[in-house]
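Inside the fold
Listed here are the chains, written in short residue letters.
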Amino acid sequence: DVSSLNDFVLDATLSFDPENQNATAKYFWSCKSVLTNGYCQFMGFFVLPIDSTPVLTIPQMDLYPEKYNFSLTFVKGDRSATTSVILNVIDDYSP
């Protein structure tokens, strides 16, 4: 579980392709609600970056409490790989 009261970070900086070491790495993030299969709706001003960034930081209180499927497609040269993680965002007001 991830608290909505804290920023959370998804980090793909360790992604690599040993057969394409000289190619430029590109990162494509997406987010969908597990409940509705619709795209994530953020409460604040955060938007998923359209440029290529290996680190995604979601500010606190920017996601409604529910389950989200964050996916990353890592591209290097003509090769790519996709992975995803499901995050359960909760309101955690406990001390």
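Everything discussed here concerns the structure shown above.
None of the values given here were measured: they were computed from a predicted structure.

**Description of the state of the cysteines**
Counted by the stated rule, this structure contains one disulfide. Disulfide pairing places cysteine 31 opposite cysteine 40 at an S-S distance of 1.6 Å. One quick way to see it: the torsion about the S-S bond of cysteine 31 and cysteine 40 is about -65°, and its sign makes the bridge left-handed.

**A look at the sheet that holds strand β3 (residues 25-33)**
Spatially, β1-β6-β5-β3 is the arrangement adopted by the four strands of the open sheet, whose pairing is mixed. Both outer strands of the open sheet, β1 (2-3) and β3, are each paired with one neighbouring strand and no more. Of the pairings in the sheet, the one linking strand β5 (residues 67-76) to strand β6 (residues 79-90) comprises ten bridges and is antiparallel in character. Looking at the pairing, phenylalanine 70 lines up with valine 85 of β6.

**Concerning unusual backbone geometry**
Excluding glycine, residues mostly carry a negative phi; peptide bonds, for their part, are mostly trans. Unlike most non-glycine residues, asparagine 37 shows phi in positive territory, near 65°. For asparagine 37, a relative accessible area of 54% gives the class exposed.

About the cut-offs
Each chain carries its own residue numbering, running from 1 in the written order of its sequence. In keeping with the model being predicted, local features are shown solely for residues with a pLDDT of at least 70 and side-chain atom pairs are shown and tallied solely at 80 or more, while totals for entire chains, interfaces and linings include all residues. The basis for the side-chain values is all heavy atoms of the structure; hydrogens and waters are excluded. Disulfides are defined in this document as cysteine sulfur pairs within 2.5 Å. Any two strands with at least two DSSP bridges between them are considered paired. Only DSSP runs of H or I with at least four residues qualify as helices, and only runs of E with at least two residues qualify as strands; both kinds are numbered from the N terminus onward. Using a 1.4 Å probe on the protein chains alone, a residue whose accessible area is under 20% of its type maximum counts as buried, one over 50% counts as exposed, and one in between counts as partly exposed.

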